[in-house]
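Understanding the architecture of this molecule
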Amino acid sequence: MSSESPRSKIQNQKSKIPKIIVLIGAPGAGKGTQARLIQERLHLPQISTGDMFRALALSDSLLSREVKELQDAGKLIPDDLVIRIVAERTSLPDCDAGYVLDGFPRTPAQAATLEGLANEQGKTIVAIFVDVPLELLKKRAVGRRQCPICHEIYNIYFLPPAFDEVCDRHPGVKLEQRADDTSEKVGVRLKTYEEQTRPLLGYYRDSHRLTRVDGTQTPEAIYTQIQKIIAANGK
Ligand code: AP5
Ligand code: MG
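In what follows, the accompanying structure is described. (Residues numbered from 1 in each chain as written. Chains lettered and ligands numbered in written order. Predicted model: local features only at pLDDT ≥ 70, side-chain atom pairs only at ≥ 80, totals over all residues. Heavy atoms only, no water.)

1. As for the overall build of the protein
Within the protein, the secondary structure is distributed over 10 helices and seven strands. Computed over the C-alpha atoms, the radius of gyration of the protein is 18 Å, within 12% of the 18 Å expected from 2.2 N^0.38 for a compact globule of 235 residues. The principal-axis extent of the C-alpha atoms belonging to the protein is close to 65 × 40 × 35 Å. For the protein, with 235 residues in total, the buried portion stands at 43%. The contacts in the protein between residues at least 6 apart in sequence include a share of 69% that link residues at least 24 apart. With an accessible surface of roughly 12400 Å², the protein has 56% of that area assigned to carbon and sulfur atoms. (Helix = DSSP H or I, 4+ residues; strand = E, 2+ residues; numbered from the N terminus. Rg over C-alpha atoms; globule rule 2.2 N^0.38 Å. Buried < 20%, exposed > 50% of the residue type's maximum accessible area, 1.4 Å probe, protein only. Contact = heavy atoms within 4.5 Å. Areas by Shrake-Rupley, 256 points an atom, 1.4 Å probe, with all protein chains shown as cover.)

Below, the structure written as structure tokens:
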């Protein structure tokens, strides 16, 4: 007979199921910052729909121009396109052991699709809400700067690079500002978040899959909490 207690048996079973870590939070909450840390340290790939669409917008086609226009205006990309790229990306072998979703799902239709994907892929969903008050969000988004090479994320107010607007990892490379990080566009994105994405918190809370973290702490302190949540769910 096994000497394992029922509790550790459940824990062991849980740890064998690959996880889909869903980071939910308003624009500027720190989803990308945390997803990059999880990717670096836990080796779960970061699937950022925002980054994927920004990369697509660099090519020259009707579709890429439409995507760029919507993104720059702070509006959502249509569900069918988003769902298609997420299904395709998460079916690649590097996602077999689990992955981190940064910026998806953002609508009820996207959340419903993710349930289907999780089932098909044999994974469980762990949703984490990075909670930051409204008054901080605008400053975080407007102050954000990113390295065009390694995509390291900085903030001129809160997490500045060592030298004025130049990447610490790539000396001489000037940091860039996103077209949708103006005060006006951030306002549009926050409104969209309130209307379309915030309701998903209730959805994951009601199905006991949501944990809140205080997103006003330092990135390291937030990461420590996130790592504990992932460990408690078996990674
Ligand atoms: P996306 O790129 O996902 O943008 P977002 O959700 O608006 O979120 P952000 O990237 O602005 O913020 P973040 O939470 O990643 O914060 P970050 O870590 O950078 O989407 C952009 C657009 O793409 C959408 O508007 C839409 O058009 C389209 N799109 C994407 N996904 C879609 C989907 N699923 N459906 C439809 N359309 C979609 O941090 C922000 C700043 O704060 C940085 O400067 C950072 O350095 C700083 N910071 C981070 N953490 C801390 C901390 N703990 N303390 C102090 N400063 C911090
Ligand atoms: Mg981001």
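2. Looking at the nonpolar core
Within the largest apolar cluster, 50 residues are counted, with the highest numbers of intra-cluster contacts made by Ile38, Leu101, Leu114 and Tyr204. Top contributing element to this core by residue count: strand E4 (residues 124-131), with six residues. Leaving out residues up to four positions away in the same chain, leucine 101 has contacts with Ile20, Ile21, Val22, Leu23, Ile47, Val86 and Leu114. The next biggest cluster of nonpolar side chains, apart from the first, holds six residues, and it includes Cys147, Cys167, Val173 and Leu175. (Core = buried A, V, L, I, M, F, W, Y, C linked by side-chain atoms within 4.5 Å.)

3. Some thoughts on the state of the cysteines
A complete count under the given rule lists zero disulfides for this structure. Just so you know, cysteine 150 is unpaired, no disulfide at all, and the nearest cysteine sulfur is the one on cysteine 147, 3.7 Å from it. On the basis of relative accessible area, cysteine 150 is assigned to the buried category, the value being 19%. This cysteine, cysteine 167, is not joined by any disulfide, and cysteine 147 carries the nearest cysteine sulfur, 3.6 Å off. (Disulfide = S-S within 2.5 Å.)

4. Section: the environment of aspartate 102
For aspartate 102, the position within the fold is in strand E3 (residues 98-102). For the pair formed by aspartate 102 and serine 48, sequence separation is 54 residues and the distance between their alpha carbons is 4.6 Å. Aspartate 102 has contacts with Lys31, Gly32, Ala35, Gln46, Ile47, Ser48 and Thr49, leaving out every residue within four places of it along the chain. Side-chain polar atoms of aspartate 102 contact the side chain of glutamine 46, separated by 3.0 Å. (Polar contact = N/O pair within 3.5 Å; in protein donor to acceptor, adjacent residues only side chain to side chain.)

5. What to know about the layout of surface pockets
Which parts of space are left empty comes out when a probe the size of a water molecule is rolled across the atoms. In this structure, the second largest pocket encloses a volume near 280 Å³. Forming the walls of the second largest pocket are 14 residues, and the residues nearest its centre are Thr33, Leu37, Glu152, Ile153 and Pro219. Elements supplying a minimum of two residues to the lining of the second largest pocket: helix H2 (31-42), strand E6 (153-155) and helix H10 (219-232). (1 Å grid on protein atoms, 1.4 Å probe; cavity = no way out; pocket = protein on both sides within 12 Å on 5 of 7 lines; lining within 4 Å. Points joined across faces, edges and corners; volume = space filled by probe spheres on them.)

6. Some points on helix H6 (residues 108-121)
One turn of an α-helix holds 3.6 residues; hence residues three or four places apart share an orientation. Between its terminal C-alpha atoms H6 stretches 20 Å, which fits the 20 Å expected from 14 residues at 1.5 Å a residue. Restricting attention to buried positions, one finds in H6 the residues Gln110, Ala111, Leu114, Leu117 and Ala118. Along the axis of H6, the buried residues cluster in a sector spanning 115°; they form a single face. Facing away from the buried surface of H6 by more than 90 degrees, the exposed residues are Pro108, Asn119 and Glu120. (Expected span 1.5 Å × (residues − 1). Arc of directions from axis to C-beta.)

7. Things to note about the packing of helix H3 (residues 49-56) against helix H5 (residues 79-90)
As a packed pair, H3 and H5 sit with axes 11 Å apart at the nearest point and diverge in direction by 105°. Here H5 runs roughly perpendicular to H3, going by the angle between their axes. Along its contact with H3, which presents Thr49, Met52 and Phe53, the element H5 presents Leu81, Val82, Ile85, Val86 and Arg89. Each residue belonging to the contact of H3 with H5 can be placed in one class, and the counts come to six nonpolar, one polar and one charged. (Axes fitted to C-alpha atoms, helices over the stretch in contact; angles between N-to-C directions. Parallel < 35°, antiparallel > 145°, perpendicular 65-115°, else oblique. Nonpolar A, V, L, I, M, F, W, Y, C, P; charged D, E, K, R; others polar.)

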